[in-house]
Amino acid sequence: MSDEFYIGWERKAAPAIGKAIRKVAALILLVALVTPVVLAVSQRMIGVSMFEWGNHKNFAGLLELHPYPHLLVPRPGETGGAAQFSTYYLVSQWKFGLDQAALASLDGKPVRLKGTLIYRGNQTMIETLADWIQADAKFPAAPPVPQPISLGRQTLTGEIVDSKCFLGVMNPGQLITHRACAIRCISGGIPPVLLVRATNGPAVYFLLVSSDGRAVNQEVLDLVAEPVQITGEVVRQGELLILRADPATYHRAAR
């Protein structure tokens, strides 16, 4: 048994007690240094996205309004297939989609427009206004618009997000913390997207439409930012992946 004991007013602790205190202090310091590193490493990356706010650029391509407005820009040197075009989603400012009725006369025609780029990975969007989109009589001859290709009936599990925020306007533009904002955007006409996170590899995005190709904005609001399982036909249209399914068949998936 040790005869040492702690005396508070002594200038120096007994040797054994001092040694024990130094060990405890070193351990606490080590934990304090390691814990922030472990927490930082364990966090999921929110992804690299960009919104070139205030930087307007000019674009030219074919305007397609269905299933959601998008611009098909011919790729120089491409000779066939979906790769002939780059596909840019088109949305309006703030939390609104483009006014399709105002652009009906330009559907399927060459146009010029100005707008702001929003992008994440290989998905790109342009924020513009209907007034900024004009017919382009000088547009060079473009290859035929790619026809939809069915990839078969599939069952997919993911999260419904608003494409504008997720692609770059907000980061992270997903999960329950972003739910209120996503609902506002989708209800305002921003295309809803099913975000499917692959186990290995990048996430995949599917534009959500009804079985007959209609917009489903108002019908998906109750399921935004929650795990959802959807069974329907997957269609590739150029660079777009589109999931056709009746919103009444969507159902919540286990978290």
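Right, let's walk through the structure included here. (Residues numbered from 1 in each chain as written. Predicted model: local features only at pLDDT ≥ 70, side-chain atom pairs only at ≥ 80, totals over all residues. Heavy atoms only, no water.)

1. Quick look at the side chain of His70
Thinking step 1. Following the sequence through the fold, His70 ends up in strand E3 (residues 70-74).
Thinking step 2. Relative accessible area serves as the criterion here: at 2%, His70 is assigned to the buried category.
Thinking step 3. Only 2.8 Å separates the side chain of His70 from the backbone oxygen of Tyr68, close enough to count as a polar contact.
Thinking step 4. With near-sequence residues (within four places) excluded, His70 lies in contact with Leu62, Leu63, Glu64, Thr87, Tyr88, Tyr89, Leu90, Gln237 and Leu240. (Helix = DSSP H or I, 4+ residues; strand = E, 2+ residues; numbered from the N terminus. Buried < 20%, exposed > 50% of the residue type's maximum accessible area, 1.4 Å probe, protein only. Polar contact = N/O pair within 3.5 Å; in protein donor to acceptor, adjacent residues only side chain to side chain. Contact = heavy atoms within 4.5 Å.)

2. Let's talk about empty space enclosed by the protein
Thinking step 1. Under the defined criterion, the tally for this structure stands at two cavities of 30 Å³ or more.
Thinking step 2. Taken as a whole, the largest cavity spans an internal volume of roughly 40 Å³.
Thinking step 3. Lining the largest cavity are Tyr89, Gln123, Val161, Ser163, Phe166, Leu167, Val193 and Tyr205.
Thinking step 4. Examining the composition of the lining of the largest cavity, we find that three residues originate from one element, helix H2 (residues 163-169), more than from any other. (1 Å grid on protein atoms, 1.4 Å probe; cavity = no way out; pocket = protein on both sides within 12 Å on 5 of 7 lines; lining within 4 Å. Points joined across faces, edges and corners; volume = space filled by probe spheres on them.)

3. Looking at the pairing of strand E9 (residues 192-196)
Thinking step 1. By the criterion of burial, E9 is predominantly enclosed, with five of the five residues buried.
Thinking step 2. Covered by surrounding structure in E9 are Pro192, Leu194 and Val196 together with Val193 and Leu195, the residues of both alternating faces.
Thinking step 3. By the bridge criterion, four bridges tie strand E8 (residues 149-162) to E9 in an arrangement that is antiparallel. If you follow Glu159 over to E9, its bridge partner there is Leu195.
Thinking step 4. The pairing of E9 with strand E10 (residues 204-209) spans four bridges and is classified as antiparallel. Directly across from Leu195, in E10, lies its bridge partner Tyr205. (Pairing = 2+ DSSP bridges.)

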